[in-house]
Amino acid sequence: MASAAEQLASNMNFSAFAQAKELQKRILFTLFVLIIYRLGTYVPMPGVDPAVFANAFQQQQGGILGVFNMFSGGAVERMAIFALNVMPYISASIIMQLMAATVPALEKLKKEGGEAGRKQINQYSRYLTVVLAGVQAFAIAMGMESPDPTTGATIAVDPGWFFRITTVVTLVGGTMMLLWLGEQITARGVGNGVSLIIFAGIIAEMPRALFQTLQQGRTGAISGALIIAMLVMVVAVLLFVVFMERSQRRLLVQYPKRQVGNRMMGGESSFLPLKLNTAGVIPAIFASSLLLLPTTIAGFSAQSGPEWLRTLSAMLGPGQPLFLIFYAAMIIFFTFFYTSIVFNPEDTAENLKKYGGFLPGIRPGRRTAEYLDYVLSRLTVIGAAYLTAVCLLPEILRAQYQIPFYIGGTALLIVVSVTLDTVGQVQSHLLAHQYEGLIKKTKLRGRKR
């Protein structure tokens, strides 16, 4: 027999959505903020020569600039005020998570501080975001002041300290504004605001990638059969990613019975869900950024760079065998590393023991931690193989058939994970609205009686 929550979930439809006025307001607010974000990606940064920058970007879009441009919804290509997007905040958050797991003071603040400790760590992440964004913005300003080796032109119209300060203030201000907009979505809208901003940027660039693919088919650069096969493959990969992201291993947790007066209480059971891909999309982002960095540096330095750097960039070019090997190795490494930070078997076993829960056939305490670590390691192997396959497939296709970067890989993982999370929150709001309706009906019936 279905539970009350399952019965309510089965009754959620468009009529239930039409009655949830609070959810409608949250969705409209989220769309309004995302429209503001998209408008900001078209506001150009002052002091930049558009023609010279477009030429430089065309030469470097295969490197890390292509990754940043995808995440920023084309803002890098237009050198807009939101060019850095929220990537500095994501990097800062990951660094703070690593530090919270290794630095004793931050670890204590995270475990014992409660909600106040979490807010304090988030505040540290914001401070670190300003630092990282400032360093990246200054590096961008210095790169735009470097003359092109062939034409001698500079991207900066008037190079100097005024241009550098203006660039740093503009880009850092744009990042912090996006961070504030993301927090507003999280508080007053639906879904995780920062994730939705990245999601909106990727979705906005996908139609252009599809148009470029169709244009290549019209000119004969790609055959029509290949385009059809690619679209079928994208749908198949999408379904596969959804299946893998929702897959989990459920461990049965049993709670002992206890006697309260003349009655026996407890004895219920629950499940401890372990996701197949606990690390999410973080390993793919880290691995792609680290591998594409040498290529971008060598491209900026052009002929003035050292010989070893140009050789390394050629060997680590997208689609090259060495690139694919290092890409796969880094994804696997970061998957295991980040999973060990997100899920701690010893803490989970200790919490189960504290509340009287145990796994059937496993002793509480150290044995439970060892068993959880054993199960998690096996799941992480499958998750790492899944991430590697999804990320390497578009790289191979892009190198062999010149397919646009946006289709597949990291972009697809982000789109799927954010969509599933947002849909889950919408269902939660609808479920809460139905519960409120039942409570109101019960109160009215009680008054009539």
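Counting restarts for each chain: residues are numbered from 1 in the order of the written sequence. Local features in a predicted model are, by the rule used here, given only for residues with pLDDT of at least 70; side-chain atom pairs are given and counted only at 80 or more, and totals for whole chains, interfaces and linings are based on all residues. Calculated side-chain values reflect all of the structure's heavy atoms, with hydrogen atoms and water omitted.

Things to note about the nonpolar core
Here is step 1 of the chain: For the purposes of this section, nonpolar cores are sets of buried Ala, Val, Leu, Ile, Met, Phe, Trp, Tyr and Cys residues that join through side-chain atoms within 4.5 Å. Exposure categories follow from relative accessible area, calculated using a 1.4 Å probe and restricted to protein chains: below 20% of the type maximum is buried, above 50% is exposed, and the middle band is partly exposed. Counting residues in each nonpolar core, the largest one holds 61 residues, and the members touching the most others are Phe71, Ile198, Ile202, Val241, Tyr327, Leu413 and Ile414.
Here is step 2 of the chain: Broken down by element, this core gets its largest block of residues, nine residues, from helix α16 (residues 366–401).
Here is step 3 of the chain: Boundaries between domains were set according to an automatic or database domain assignment. Three or more residues apiece are contributed to this core by two domains, here domain 1 (20–221) and domain 2 (223–407).
Here is step 4 of the chain: Contacts of valine 241, omitting those with residues within four sequence positions, involve Tyr386, Val390, Leu412, Leu413 and Val416.
Here is step 5 of the chain: Counting residues in hydrophobic clusters, the runner-up holds 19 residues, among them Met45, Phe57, Val76 and Val172. Starting at the N terminus, helices and strands are each numbered in turn, a helix being any DSSP run of H or I of at least four residues and a strand any DSSP run of E of at least two. We call two residues in contact when some of their heavy atoms are within 4.5 Å.

Focus on the layout of surface pockets
Here is step 1 of the chain: Looking at the largest pocket, its volume works out to about 1,600 Å³.
Here is step 2 of the chain: Taken together, 44 residues line the largest pocket, and the ones lying closest to its centre are Gln97, Asn192, Ser195, Ile282 and Tyr338.
Here is step 3 of the chain: Mapped by element, the contributors of at least two residues to the lining of the largest pocket are α6 (87–102), α8 (114–145), α9 (161–188), α10 (193–219), α11 (224–246), α12 (282–301), α14 (321–342) and α17 (409–448).
Here is step 4 of the chain: Following the grouping adopted for this structure description, the nonpolar residues are Ala, Val, Leu, Ile, Met, Phe, Trp, Tyr, Cys and Pro, the charged ones are Asp, Glu, Lys and Arg, and the polar ones are all others, Gly among them. Residue composition of the lining of the largest pocket, by class: 19 nonpolar, 16 polar and nine charged.
Here is step 5 of the chain: Taken domain by domain, the lining of the largest pocket gets at least three of its residues from each of domain 1 (20–221) and domain 2 (223–407). A 1.4 Å probe that fits but cannot get out identifies a cavity on a 1 Å grid over protein atoms alone, an open set with protein on both sides within 12 Å along at least five of seven lines counts as a pocket, and a residue lines either if it has an atom within 4 Å of a point. Grid points are joined across faces, edges and corners, and a volume is the space filled by probe spheres set on the points.

Focus: unusual backbone geometry
Here is step 1 of the chain: Of note, methionine 79 is a non-glycine position whose phi angle comes to about 50°, a positive value.
Here is step 2 of the chain: Mapped onto the elements of the fold, methionine 79 is located in the loop between α5 (64–71) and α6.
Here is step 3 of the chain: Phi is positive for asparagine 85, which is not a glycine, with a value near 55°.
Here is step 4 of the chain: Within the secondary structure layout, asparagine 85 lies in the loop between α5 and α6.

A few points about the pattern of salt bridges
Here is step 1 of the chain: Salt bridge criterion: a side-chain nitrogen from Lys or Arg within 4 Å of a carboxyl oxygen from Asp or Glu. Within the structure shown, the criterion is met by five salt bridges.
Here is step 2 of the chain: Measuring nitrogen to oxygen at the nearest pair gives 3.7 Å for the salt bridge that ties arginine 26 to glutamate 22. Residue arginine 26 and its partner glutamate 22 are located together in helix α3 (residues 21–40), separated by four residues, close to a single helical turn.
Here is step 3 of the chain: Given a relative accessible area of 18%, arginine 26 falls into the buried group.
Here is step 4 of the chain: For glutamate 183, the salt bridge goes to arginine 126, with nearest N and O atoms at 2.8 Å.

Focus: a nonpolar patch on the surface
Here is step 1 of the chain: Patch criteria: residues need more than 30% relative accessible area and no salt bridge. Like-charged residues are merged within 9 Å; nonpolar side chains of Val, Leu, Ile, Met, Phe, Trp and Tyr are merged within 5 Å. Working definition of accessibility: Shrake-Rupley area with a 1.4 Å probe, residue cover restricted to the visible protein chains. Taken together, the side chains of Phe138, Met142, Trp161, Ile165 and Val169 define a hydrophobic patch exposed on the protein surface, amounting to about 510 Å² of accessible area.
Here is step 2 of the chain: Of all the secondary-structure elements, those providing two or more residues to the nonpolar patch are α8 and α9.
Here is step 3 of the chain: The greatest single-element share of the nonpolar patch, amounting to three residues, is contributed by α9.

With respect to the environment of phenylalanine 337
Here is step 1 of the chain: Checked against the element boundaries, phenylalanine 337 lands in helix α14.
Here is step 2 of the chain: Considering only alpha carbons, one finds phenylalanine 337 and alanine 279, 58 residues apart in sequence, at a separation of 8.6 Å.

Comments concerning the confidence of the model for the protein chain
Here is step 1 of the chain: In the predicted model, the protein chain carries a mean pLDDT of 79, and the fraction of residues at 70 or more is 80%.
Here is step 2 of the chain: For every residue, the predictor reports its confidence as pLDDT, a number between 0 and 100. The lowest-confidence element of the protein chain is helix α1 (residues 4–10), averaging 45 in pLDDT; the highest-confidence one is α9, averaging 92.

A few points about the packing of aromatic side chains
Here is step 1 of the chain: Here a Phe, Tyr or Trp ring, Trp counted by its six-membered ring, pairs with any other such ring whose centre lies within 6.5 Å, and the pair is stacked when the planes are under 30 degrees apart, edge-to-face when over 60, and tilted otherwise. In total, this model carries six aromatic pairs according to the counting rule given.
Here is step 2 of the chain: Considering the side-chain rings of phenylalanine 333 and phenylalanine 337, the 5.9 Å spacing of their centres and the 15° angle between planes classify their relative orientation as stacked. Within this pair, phenylalanine 333 and its partner phenylalanine 337 are both found in helix α14, separated by four residues, close to a single helical turn.
Here is step 3 of the chain: When its relative accessible area of 37% is taken as the criterion, phenylalanine 337 is described as partly exposed.
Here is step 4 of the chain: A ring is considered to have a charge above it if a Lys NZ or an Arg CZ atom is located within 6 Å of its centre and within 35 degrees of its normal. Its guanidinium or amino end placed over the ring of tyrosine 42, arginine 78 lies 3.9 Å from that ring's centre, counting from NZ or CZ.

Thoughts on the packing of α8 against α9
Here is step 1 of the chain: At a minimum axis separation of 8 Å, α8 and α9 run at an interaxial angle of 140°. Put simply, α8 runs oblique to α9. When the axes of α8 and α9 are compared, the crossing they make is right-handed. Contacts between α8 and α9 involve Arg126, Thr129, Val130, Ala133, Gly134, Ala137, Phe138, Ile140, Ala141, Met142, Met144 and Glu145 from the first element and Trp161, Phe163, Arg164, Thr167, Val168, Leu171, Val172, Thr175, Met176, Leu179 and Glu183 from the second.
Here is step 2 of the chain: Taken together, the residues that form the contact of α8 with α9 break down as 15 nonpolar, four polar and four charged. Lines fitted to C-alpha atoms define the axes here, with helix axes fitted over just the stretch in contact, and angles between the N-to-C directions of these axes take values from 0 to 180 degrees. Should an angle fall under 35 degrees it is taken as roughly parallel, and over 145 as roughly antiparallel, whereas 65 to 115 is taken as roughly perpendicular and any remaining angle as oblique. It is the rotation of the near helix from the far one that decides the hand of a crossing: anticlockwise by less than a right angle makes it left-handed, clockwise makes it right-handed.

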